[in-house]
Amino acid sequence: MTAVAGPAIKQQLVDSLPSAIRHYIDGEHVDSVDGATIAVTDPVGHEQYCTLAAGGSADISKAVAAARRAFVDGPWAGLSARRRSNTLNAIANAIESRADTLAEFETFDTGLPISQAHGLAARAAENFRYFAEVCGSIHEDSFRSPAQIGYSIRRPKGVAGLITPWNVPFMLATWKLAPCLAAGCTVVLKPAELSPLTASLLPEIMEEAGVPQGVFNIVHGIGEDAGAALVSHPDVPVISFTGETTTGKIIMRSAAEHLKGLSMELGGKSPVVVFADADVPAALDSALFGVFSLNGERCTAGSRVLVERSLYDEFVTMLGQRAAKIRIGDPSDPATQLGALISTEHYARVMSYIDSGIEEGARLVTGGTRPPHLETGNYLAATVFADVRPDMRIFQEEIFGPVVCVTPFDDEGDAIRLANDTRYGLAAYIWTNDLRRGHRVAHRIDAGMLWLNSHNVRDLRTPFGGVKASGLGREGGQHSVDFYTETSIVHVALGDTHVPRFGAE
Ligand code: NAD
């Protein structure tokens, strides 16, 4: 299949979709124990394209039991680094050989523009290639003293529960799966119920790559049932969750009962700070791409643009003019830059923020409505609000759509204060040609990931995660290895052991 728009190609894609997506447990595609299903619709036609098995605690119990058996009795946890690395590379190959289908499925299911979905499929393979290398570099320390030597051993933690959101679902699932498998854990994945399509290809990918039976399992279904059961299952010692901050809090409460290890990648409201001395064309390109790519449904979106007052009017005008020209439409058209939002409920929620911004007195520069040529589908024109005050909801709350707020600042201190004036702290972007100031500002903005005169490009070795309400813990590189492995220390005496002789005569 190729990424060309047109009714015939689209029909070919629709014909290739599964009519039912089932759980994948212990190497078998199975229905829910109670037979429950939910309907899955697409964001453009709003039509049900398949039924999804809706799992609950009985399905989670089966999947966890399979993953536990594979962990304890199977070969996976004890494989040599080289063999595990080979399997991860084989998974990357299997993803690459399906890259077009993965991109087309993702676009159909989520409304993401196809050109961007292709990049995400490539990145998914890259996640496995990178962690295939990491397998071979997981190291253990030794600590020597005259009397004894201690050496640390890293062991996989066991069955990992991975819970993923509906935005960029395949790429995000691989971002968790690759390190989890690299560490030797076995898995139960709970994909988001709104976009399960690409995850339905994971079983054949894992089988083709030779992942042993039971190592990889999927239970579909809604979060409050399948997700909650996974979090509360006593045989799942670690949960890696990506999703909303409110869901993260619920998960933490439930996980506390079993003292589980948690990685929490949550929401964001990231600032883009543009000083008047910046490379303005680069800052403008980055601000536009940062909030309008991936339909604005992006955790690291630069959704608040803070501009030094002397540049402010000019920047707002340029941002509005460029945003108005963003090509919005059919996500499967390679020329589309902004597609359709994930669901009618999410669309209504994003639209409610447009109303809120107007009611609270922000200036709507462009967008804010459905483009006239797109009568159906969850389409919202790229939207720019200016003169946004920090007390407005659109400044404080994550909208998760193609909406950007612009606010002026007076000096460095003001910029930092505004940047930090939300409960979130995921990412931040700083544009200035005064590098001393750029570093100073970077060191004072509360965010887990900062880019200075640089665009949102990540090196997979670097720590990923947020501060404040944006998350807990870090993933990426060594951080992921630390999360999925337990370190123990073995102490060994090098000579005779002299122990105080309690109770001896
Ligand atoms: P969500 O929290 O509604 O759902 C995420 C996942 O959690 C889904 O699989 C859902 O079924 C499941 N879930 C829901 N309730 C649950 C519960 N009680 N117990 C267990 N699981 C439950 O989030 P969403 O709407 O799918 O995703 C959008 C959010 O994700 C945004 O806030 C976005 O910023 C965030 N996000 C963060 C990152 C990051 O890396 N920080 C990346 C992508 C998305």
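These numbers come from a predicted model, not from an experiment. (Residues numbered from 1 in each chain as written. Predicted model: local features only at pLDDT ≥ 70, side-chain atom pairs only at ≥ 80, totals over all residues. Heavy atoms only, no water.)

**Focus on the overall build of the protein chain**
The secondary structure content of the protein chain amounts to 16 helices and 21 strands. By the compact-globule yardstick of 23 Å for 505 residues, the protein chain fits well, its C-alpha radius of gyration being 24 Å. Summarising its shape, the C-alpha atoms of the protein chain cover approximately 85 × 55 × 35 Å along the three principal directions. In the protein chain, which comprises 505 residues, the proportion classed as buried is 55%. The contacts in the protein chain between residues at least 6 apart in sequence include a share of 74% that link residues at least 24 apart. For the protein chain, the accessible area works out to roughly 20,700 Å², and carbon and sulfur atoms hold 53% of it. For the protein chain, the centre of its 43 positive side-chain charges and the centre of its 59 negative side-chain charges are spaced 5 Å apart. (Helix = DSSP H or I, 4+ residues; strand = E, 2+ residues; numbered from the N terminus. Rg over C-alpha atoms; globule rule 2.2 N^0.38 Å. Buried < 20%, exposed > 50% of the residue type's maximum accessible area, 1.4 Å probe, protein only. Contact = heavy atoms within 4.5 Å. Areas by Shrake-Rupley, 256 points an atom, 1.4 Å probe, with all protein chains shown as cover. Lys, Arg positive; Asp, Glu negative; His and termini not counted. Charge placed at Lys NZ, Arg CZ, Asp CG, Glu CD.)

**Quick look at helix α3 (residues 81-96)**
Counted at 1.5 Å a residue, the expected span for α3 with its 16 residues is 22 Å, and the 23 Å between its end C-alpha atoms agrees. Buried within α3 we find Arg84, Ser85, Thr87, Leu88, Ile91, Ala92, Ala94 and Ile95. Where the residues of α3 are buried, they touch α4 (99-110), α5 (114-135), α6 (169-182) and α7 (202-209). (Expected span 1.5 Å × (residues − 1).)

**Side note on the environment of Ile205**
In this fold, Ile205 is placed in helix α7. Using a relative accessible area of 0% as the deciding quantity, one classes Ile205 as buried. Linking Ile205 and Gln116, residues 89 residues apart in sequence, is a C-alpha distance of 22 Å. If sequence neighbours within four positions are ignored, Ile205 has contacts with Ile91, Ala94, Ile95, Arg98 and Phe170.

**Thoughts on the side chain of Thr336**
You can see Thr336 is positioned in the loop between α11 (309-324) and α12 (344-359). In this structure the side chain of Thr336 is engaged in a polar contact, spanning 2.7 Å, whose partner is the backbone oxygen of Asp330. Not counting the four nearest positions on each side in its chain, Thr336 is found in contact with Pro113, Ser115, Arg327, Gly329, Asp330 and Pro331. (Polar contact = N/O pair within 3.5 Å; in protein donor to acceptor, adjacent residues only side chain to side chain.)

**Some details on the packing of aromatic side chains**
In this structure the tally under the stated criterion is nine aromatic pairs. Between the aromatic rings of Trp166 and Phe400, the centroid separation amounts to 5.3 Å while the plane-to-plane angle is 75 degrees, which identifies the pairing as edge-to-face. One end of the pair, Trp166, is in the loop between β8 (159-163) and α6; the other, Phe400, is in the loop between α13 (393-396) and β17 (403-409), and 234 residues separate them in sequence. For Phe400, a relative accessible area of 16% gives the class buried. Connected via pairs of aromatic rings, a cluster forms that spans Tyr130, Phe131, Trp175 and Phe464. Directly above the ring of Phe483 sits Lys157, whose terminal nitrogen or CZ lies 5.3 Å from the centroid. If you follow Arg304 out to its NZ or CZ, it ends over the ring of Phe395, 4.7 Å from the centre. (Phe/Tyr/Trp six-rings, centres within 6.5 Å; stacked < 30°, edge-to-face > 60°. Lys NZ or Arg CZ within 6 Å of the ring centre and 35° of its normal.)

**Some details on the site of the ligand**
Lys190, Glu193, Thr247, Leu266 and Glu398 are the nearest of the 28 residues found near the ligand. Within the backbone of Thr164, a nitrogen or oxygen atom sits 2.7 Å from an oxygen atom of the ligand. Taking Leu266, its main chain carries an N or O atom lying 2.7 Å from a nitrogen atom of the ligand. Protein chains shield 93% of the accessible area of the ligand, which is 850 Å² for the free molecule. The cavity that encloses the ligand is the largest pocket. Elements represented by at least two residues in the shell around the ligand include exactly α8 (223-232), β11 (238-242) and α9 (245-256). (Near = heavy atom within 4 Å. 1 Å grid on protein atoms, 1.4 Å probe; cavity = no way out; pocket = protein on both sides within 12 Å on 5 of 7 lines; lining within 4 Å. Sits in = over half its atoms within 2 Å of the grid points.)

**Brief notes about the domain arrangement of the protein chain**
Here the protein chain is described as being made up of domain 1 (10-266 + 470-488) and domain 2 (271-452). Using C-alpha coordinates to define each centre, domain 1 is positioned 31 Å away from domain 2. Each partner contributes to the interface: domain 1 provides 24 residues, whereas domain 2 provides 31 residues. Where domain 1 abuts domain 2, roughly 2,100 Å² becomes buried across the two surfaces, and 59% of that area is made up of carbon and sulfur atoms. Contact with domain 2 buries surface across domain 1, with Gln116, Trp166 and Ser470 losing the most and accounting together for 24% of the total. One can count zero salt bridges joining domain 1 with domain 2. Taken together, domain 1 and domain 2 are joined by nine residue pairs in polar contact (both at pLDDT 80 or more). Contributions of two or more residues to the side of domain 1 that touches domain 2 are made by α4, α5 and α9. (Domains from an automatic or database assignment. Buried area = accessible area lost by both parts, 1.4 Å probe. Salt bridge = Lys/Arg side-chain N within 4 Å of Asp/Glu carboxyl O.)

**Overview of the side chain of Thr407**
Mapped onto the elements of the fold, Thr407 is located in strand β17. Here Val388 takes part through its backbone oxygen, which lies 2.8 Å from a polar atom of the side chain of Thr407. Setting aside its immediate chain neighbours within four residues, Thr407 contacts Val305, Leu306, Val307, Tyr312, Val388, Phe395 and Leu418.

**A look at the packing of α4 against α6**
Between α4 and α6, the least distance of the axes is 9 Å, while the angle of their chain directions is 120 degrees. With respect to their mutual orientation, α4 and α6 come out oblique. Taken together, the residues of α6 that come into contact with α4 (itself represented by Leu102, Glu106 and Thr110) are Pro169, Phe170 and Met171. Here the residues of the contact of α4 with α6 are counted per class, giving four nonpolar, one polar and one charged. (Axes fitted to C-alpha atoms, helices over the stretch in contact; angles between N-to-C directions. Parallel < 35°, antiparallel > 145°, perpendicular 65-115°, else oblique. Nonpolar A, V, L, I, M, F, W, Y, C, P; charged D, E, K, R; others polar.)

**As for the sheet that holds strand β19 (residues 449-452)**
Read from one edge of the open sheet, seven strands run β15-β16-β17-β14-β13-β18-β19, paired in mixed fashion. Strand pairing shows two members of the sheet lacking a second neighbour, β15 (363-366) and β19, which therefore form its edges. Averaged over neighbouring strand pairs, the angle between their axes works out to 20 degrees when direction is ignored. Of the strand pairs in this sheet, strand β13 (residues 271-274) and strand β14 (residues 304-308) are connected by four bridges, and their pairing is parallel. (Pairing = 2+ DSSP bridges.)

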